[in-house]
Amino acid sequence: MDEYVLTLVVRVEKGARPGQTDALETAARAVLAILADERSAGEGEWAEAMRAWQDARIRKVVRRARGAEWRRAEALPGITVTGSDAEVRVFPPVPLDAVPKDLAKLQVTGTDFEDPDDLAAPEPGIPVLWINPGLTMSSGKAMAQCGHAAHLAWLALSAAGRKEWVAADFALAVRTATPGRWRDLLTSGLPVVQDAGFTEVAPGSRTVIAIIPC
């Protein structure tokens, strides 16, 4: 069986890098956008690929692009999601050996961002993706992990809950948990991302936990 990969591309222009949390939140929203898109369901043009991807190991890869690279990526079928400063384009999954050339040649490394200011507390009533404070991940790796967490949150929702999230433009927040909160979250039964450990973190590492308001 072919292994499929979903590619996310973050726009990183010279002198215009997105903030860390904005990039993480935008990547998560991009994953939700393609999950909710009508082309991903039923007889839609992406539906077969989405099913094949979700029936196996749900792999996501984050790459970066600027200038002409970004324009070429934008020309491929996909969805662009914007945050405060971040722009992330998500592409329908394809087999690992069939990633379009204009995506495959984009760099995975170099996605290390910073937050310009201290973060406010998440708005009440929106899903929060809590990052494990004991792990060190590049921004690109963390974006993929937040995408996984958003995906798990989507799967855990009812049809009505999904419809409400779509109407709210997939509002969510990403924050790094304190060690104490992380310990509590691990025993909460909430959706938790467990990484396969192919890059950056050890196999079985639990990276992000999603809190979904009822």
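The rules behind the values
- Residues numbered from 1 in each chain as written.
- Predicted model: local features only at pLDDT ≥ 70, side-chain atom pairs only at ≥ 80, totals over all residues.
- Heavy atoms only, no water.
- Core = buried A, V, L, I, M, F, W, Y, C linked by side-chain atoms within 4.5 Å.
- Buried < 20%, exposed > 50% of the residue type's maximum accessible area, 1.4 Å probe, protein only.
- Helix = DSSP H or I, 4+ residues; strand = E, 2+ residues; numbered from the N terminus.
- Contact = heavy atoms within 4.5 Å.
- Expected span 1.5 Å × (residues − 1).
- Salt bridge = Lys/Arg side-chain N within 4 Å of Asp/Glu carboxyl O.
- 1 Å grid on protein atoms, 1.4 Å probe; cavity = no way out; pocket = protein on both sides within 12 Å on 5 of 7 lines; lining within 4 Å.
- Points joined across faces, edges and corners; volume = space filled by probe spheres on them.
- Nonpolar A, V, L, I, M, F, W, Y, C, P; charged D, E, K, R; others polar.
- Polar contact = N/O pair within 3.5 Å; in protein donor to acceptor, adjacent residues only side chain to side chain.
- Patch = residues over 30% accessible without salt bridge, like charges linked within 9 Å, V, L, I, M, F, W, Y side chains within 5 Å.
- Areas by Shrake-Rupley, 256 points an atom, 1.4 Å probe, with all protein chains shown as cover.
- Lys, Arg positive; Asp, Glu negative; His and termini not counted.
- Charge placed at Lys NZ, Arg CZ, Asp CG, Glu CD.
- Pairing = 2+ DSSP bridges.
- Axes fitted to C-alpha atoms, helices over the stretch in contact; angles between N-to-C directions.

### Remarks on the nonpolar core
Now for step 1: The biggest cluster of nonpolar side chains holds 46 residues, and the ones touching the most others in it are Leu8, Leu129, Met143 and Trp165.
Now for step 2: Where this core is concerned, the elements lending two or more residues are β1 (4-11), α1 (20-36), α2 (47-54), β3 (79-82), β4 (87-90), β6 (128-131), α5 (139-156) and β9 (206-211).
Now for step 3: In terms of residues, this core owes the most to one element, α1, which gives 10 residues.
Now for step 4: Look past the residues within four positions of Leu129 in its chain and what remains in contact with it is Ala28, Cys146, Ala149, Ala150, Leu172, Ala173, Val174, Arg175, Val208, Ile209 and Ala210.
Now for step 5: Of all hydrophobic cores here, the second largest spans 10 residues; its members include Val5, Val61, Ala73 and Leu103.

### Some words on α1
Now for step 1: In this model α1 runs 25 Å from its N-terminal to its C-terminal C-alpha over 17 residues, within 8% of the 24 Å that 1.5 Å per residue would give.
Now for step 2: Of all 17 residues in α1, 16 are buried, a share of seventy percent or more.

### Section: the pattern of salt bridges
Side-chain pairing between opposite charges can occur once the charged atoms of the two side chains come close.
Now for step 1: Overall, the coordinates contain 10 salt bridges when judged by the stated rule.
Now for step 2: For Arg57, the salt bridge goes to Glu3, with nearest N and O atoms at 2.5 Å. In this pair, Arg57 is assigned in the loop between α2 and β2 (59-65) and Glu3 in the segment before β1, connecting sequence segments 54 residues apart.
Now for step 3: Residue Arg57 is classed as partly exposed on the basis of its relative accessible area, which comes to 35%.
Now for step 4: By relative accessible area, Glu3 is classed as partly exposed at 26%.

### A short note on α5
Now for step 1: Taking 1.5 Å of rise per residue, the 18 residues of α5 would be expected to cover 26 Å, and the 26 Å separating its terminal C-alpha atoms lies within 8% of that figure.
Now for step 2: The element α5 is largely enclosed, with a buried count of 15 among its 18 residues.

### A closer look at the layout of surface pockets
Now for step 1: Size it by volume and the largest pocket reaches roughly 730 Å³.
Now for step 2: Together, 33 residues line the largest pocket, and Lys60, Lys141, Ala144, Gln145 and His148 are the ones closest to its centre.
Now for step 3: Counting residues per element, the ones that place at least two in the lining of the largest pocket are β1, β2, α5 and β8 (192-194).
Now for step 4: Each residue belonging to the lining of the largest pocket can be placed in one class, and the counts come to 13 nonpolar, 12 polar and 8 charged.
Now for step 5: Counted as a void, the second largest pocket has a volume near 500 Å³.
Now for step 6: When residues of the lining of the second largest pocket are traced back to their parent elements, those giving at least two are α1 and β7 (173-176).
Now for step 7: A per-element tally of the lining of the second largest pocket places α1 first, with 5 residues.

### Focus: unusual backbone geometry
Now for step 1: You will see that Phe170, though not glycine, has its phi angle at about 60 degrees, which is positive.
Now for step 2: Along the chain, Phe170 turns up in the loop between α6 (159-167) and β7.

### Digging into the environment of Ala142
Now for step 1: One can find Ala142 in helix α5.
Now for step 2: Accessibility expressed as a relative area gives 4% for Ala142, which makes it buried.
Now for step 3: As a C-alpha pair, Ala142 and Leu24 span 118 residues in sequence and 6.9 Å in three-dimensional space.
Now for step 4: Not counting chain neighbours up to four residues away, the residues in contact with Ala142 comprise Gln20, Leu24 and Met137.

### Things to note about the side chain of Thr21
Now for step 1: Among the structural elements, Thr21 can be located in helix α1.
Now for step 2: Within polar-contact distance, the side chain of Thr21 engages the side chain of Asp115 at 2.7 Å.

### Observations regarding a negative patch on the surface
Now for step 1: On the surface, a cluster of negative charge is made up of Asp112, Glu114, Asp115, Asp117, Asp118 and Glu200.
Now for step 2: Mapping Glu200 onto the fold places it in the loop between β8 and β9.

### Quick look at the sheet that holds β6
Now for step 1: On the basis of which strands lie adjacent, the open sheet formed by 4 strands has the order β7-β6-β9-β8 and mixed pairing. Each edge of the open sheet is held by one strand with a lone partner, namely β7 and β8. In this sheet, neighbouring strand axes are inclined to one another by 20 degrees on average, regardless of whether the strands run parallel or antiparallel.
Now for step 2: Across 4 bridges, β6 lies against β9 in antiparallel orientation.

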